[in-house]
Amino acid sequence: MRALSKEARPGALMIDAPEPTPGPGEVLVKVMATSICGTDMHIYNWDGWAQSRFPAPMVFGHEMTGEVVAVGQGVNPDMVKVGDHVSAETHLACGHCYQCRTGRKHICQNLRILGVDAPGIFAEYAVIPAENAWVNDPEMPWEIASLQEPFGNAVQTVLAGPGVSSRTVLVTGCGPIGLMAIQVARASGASLIIATDVNERRLALARSMGADLTINPLAQDVVRTVRDATRGNGVDALLEFSGNQTAIRQGFGALTYGGHASMLGIPAGAIEFDLANDIVFKAATVIGISGRKMFETWYQVRELVTSGKVDLGAVISHHVPLSHFEEVFEAVRAGEAIKPVMLPQE
Ligand code: NAD
Ligand code: ZN
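Residues numbered from 1 in each chain as written. Chains lettered and ligands numbered in written order. Predicted model: local features only at pLDDT ≥ 70, side-chain atom pairs only at ≥ 80, totals over all residues. Heavy atoms only, no water.

(A) Local environment of the packing of helix 5 (residues 148-159) against helix 6 (residues 176-187). Contact geometry of helix 5 with helix 6 gives a least axis separation of 8 Å together with a crossing angle of 50 degrees. Taken together, helix 5 and helix 6 sit at an angle that is classed as oblique. By crossing handedness, the relation of helix 5 to helix 6 is classed as right-handed. Seen from helix 5, the contacting residues are Pro 150, Phe 151, Asn 153, Ala 154, Val 155, Val 158 and Leu 159; seen from helix 6, they are Ile 177, Met 180, Ala 181, Val 184 and Ala 185. Taken together, the residues of the contact of helix 5 with helix 6 break down into 11 nonpolar, 1 polar and no charged. (Axes fitted to C-alpha atoms, helices over the stretch in contact; angles between N-to-C directions. Helix = DSSP H or I, 4+ residues; strand = E, 2+ residues; numbered from the N terminus. Parallel < 35°, antiparallel > 145°, perpendicular 65-115°, else oblique. Left-handed = near helix turned anticlockwise from the far one by under 90°. Contact = heavy atoms within 4.5 Å. Nonpolar A, V, L, I, M, F, W, Y, C, P; charged D, E, K, R; others polar.)

(B) Structural context of the site of ligand 1. Taken together, 21 residues sit near ligand 1, with Asp 197, Arg 202, Ile 266, Ile 289 and Gly 291 positioned nearest. Arg 202 is positioned with one of its side-chain polar atoms (N or O) 2.8 Å from an oxygen atom of ligand 1. One nitrogen or oxygen atom from the main chain of Leu 264 is found 3.2 Å from a nitrogen atom belonging to ligand 1. Taking 850 Å² as the accessible area of ligand 1 by itself, protein coverage stands at 77%. In terms of residue class, the shell around ligand 1 is built from 10 nonpolar, 9 polar and 2 charged. (Near = heavy atom within 4 Å. Polar contact = N/O pair within 3.5 Å; in protein donor to acceptor, adjacent residues only side chain to side chain. Areas by Shrake-Rupley, 256 points an atom, 1.4 Å probe, with all protein chains shown as cover.)

(C) Local environment of the packing of aromatic side chains. Counted by the stated rule, this structure contains 9 aromatic pairs. An angle of 10 degrees between the planes, with centres 4.2 Å apart, marks the rings of Tyr 44 and Phe 329 as stacked. Highlighted residues: Tyr 44 in helix 1 (residues 38-45) and Phe 329 in helix 12 (residues 325-333), separated in sequence by 285 residues. The two residues Tyr 44 and Phe 329 agree in class, both being buried. Consider the rings of Phe 252 and Phe 273, whose centres lie 4.9 Å apart with planes at 85 degrees: the pair is edge-to-face. Of this pair, Phe 252 sits in helix 9 (residues 245-253) while Phe 273 sits in the loop between strand 15 (255-263) and helix 10 (275-280), and the two are 21 residues apart along the sequence. (Phe/Tyr/Trp six-rings, centres within 6.5 Å; stacked < 30°, edge-to-face > 60°. Buried < 20%, exposed > 50% of the residue type's maximum accessible area, 1.4 Å probe, protein only.)

(D) View of the sheet that holds strand 4 (residues 58-59). An order of 2-1-4 is seen for the 3 strands of this open sheet, with the pairing classed as antiparallel. This sheet does not close on itself; its edge strands, each paired only once, are strand 2 (13-16) and strand 4. Examined bridge by bridge, strand 1 (residues 2-6) and strand 4 share 2 bridges and lie antiparallel to one another. Residue pairing for strand 4: Ser 5 is matched across the bridge by Val 59. (Pairing = 2+ DSSP bridges.)

(E) Quick look at the coordination of the zinc ion (ligand 2). Looking at the metal site, the zinc ion (ligand 2) is ligated by Cys 94 (SG), Cys 97 (SG), Cys 100 (SG) and Cys 108 (SG), spaced 2.3 to 2.4 Å from it. For the zinc ion (ligand 2), the 4 donor atoms are set out with angles of 100 to 118 degrees between them, so the coordination reads as tetrahedral. Site description for the zinc ion (ligand 2): donor spacing in sequence, C-x2-C-x2-C-x7-C. Here Cys 108 lies in the loop between helix 3 (98-101) and strand 8 (112-113) and Cys 94 lies in the loop between strand 7 (91-92) and helix 3, a separation of 14 residues in the sequence. (Donors = N, O, S within 2.8 Å, 3.2 Å for Na, K, Ca; no water. Tetrahedral: all angles 85-135°; square planar, octahedral: opposite > 155°, others 65-115°.)

(F) Expanded view of the pattern of salt bridges. Applying the stated rule across the entire model yields 10 salt bridges. A salt bridge links Arg 2 to Glu 124, with the nearest nitrogen and oxygen atoms 3.4 Å apart. Taken together, the positions of Arg 2 in strand 1 and Glu 124 in the loop between strand 8 and strand 9 (125-129) put the pair 122 residues apart, joining distant regions of the chain. The exposure class of Glu 124 is buried, given its relative accessible area of 15%. Several salt bridges converge on common partners, so that one network encompasses Glu 89, Glu 149 and Arg 292. (Salt bridge = Lys/Arg side-chain N within 4 Å of Asp/Glu carboxyl O.)

(G) Inspection of the nonpolar core at higher detail. If you look at the biggest cluster of nonpolar residues, it comprises 41 residues, and the most contacted ones within it are Phe 151, Val 164, Leu 179, Ile 182, Val 305 and Leu 312. Put simply, the parts of the chain that give this core at least two residues each are helix 4 (142-146), helix 5, strand 11 (168-172), helix 6, strand 12 (192-196), strand 14 (235-240), helix 11 (296-306) and strand 18 (339-343). Ranked by the residues each element gives to this core, the list is headed by helix 6, at 6 residues. Excluding its chain neighbours within four sequence positions, the residues that come into contact with Val 164 are Val 158, Val 169, Ala 185, Ser 188, Gly 189, Ala 190, Ala 237 and Leu 239. (Core = buried A, V, L, I, M, F, W, Y, C linked by side-chain atoms within 4.5 Å.)

(H) Highlighting the domain arrangement of the chain. Entries for the chain in the domain assignment read domain 1 (2-146 + 311-343) and domain 2 (152-288). Here domain 1 and domain 2 have C-alpha centroids that lie 29 Å from each other. Taking both partners together, domain 1 and domain 2 bury about 820 Å²; carbon and sulfur atoms supply 57% of that area. Remark: the boundary between domain 1 and domain 2 carries 0 salt bridges. At the boundary of domain 1 with domain 2, the tally comes to 3 residue pairs in polar contact (both at pLDDT 80 or more). (Domains from an automatic or database assignment. Buried area = accessible area lost by both parts, 1.4 Å probe.)

See below:
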């Protein structure tokens, strides 16, 4: 089968690999659609993080969907069976640590990630643990089903803590996950959605997905503009998707007293932060968001997608065969792509 292997150097290599066999508790998936995540870009670019973490050479990639074509020993057919259309929950939990045993597998102490710590899915066939196979409605389009994993990040961030219903919201960072979060905030009844990004094309997409007001921090004062739009109060909720220090500080500056911040974006390193003014005196609640709750978030994802309350297709910028991977990885690197979908069977 064709597979995208990551060697210990920048880029990736299309190889002819043996089709994997599902072991006990695993399923073999014929991969119908995959999508590219920021993590894949770190691995593709072979940066310091990737060099310290990724066991090259290995197939990478984790956002996927496909059809189950074989199951290993001991897989419960009530959970998943041959013929099912599945997406992968990409966090591989140990099942025996304190968090796993108290219903919080998404923050497992021994967390491994598909396509990072275990062989990935940029291939015609992939093996995943049966426990990580989320069964989709058979009519869900493949490329939409693949996007449910990053969409789950957006859903968990927007619904965390007091949520956003009837509240004013600031979304910092309109990459694919921030854009999807705008749709979730809209579907959840936010009263005002403000979004920031330094990329005008992404701000235009933010407006088309439901943002009432967009701000380019390179051209406008974010804190002042947010205060002007919220009767001087600031927003009730900050949803952070940029991982950028400036955006994070502006976000907290624009947050109202007693507001909450859901933080998903990952800064490249330690950042400077005004704890006293931005959190302590503000009595702000800060919630770190990791992955998707297993599997509470997936149930929320399914209803948002199948009800038509969100349109994940709106964030897809490219559909290409897997063999055209270089074109889309370069488009992401150049900031031209939002969410590319690669099709391994074409
Ligand atoms: P992305 O890199 O495509 O999006 C980030 C966006 O932030 C870009 O559009 C960029 O232009 C914008 N940005 C940069 N500087 C800014 C500034 N000063 N003000 C406002 N916007 C600014 O990433 P994505 O795929 O949408 O993911 C969003 C973030 O979430 C990333 O940091 C990613 O690493 C992180 N992430 C976290 C988890 C988790 O479990 N916590 C999971 C997936 C992704
Ligand atoms: Zn665990």
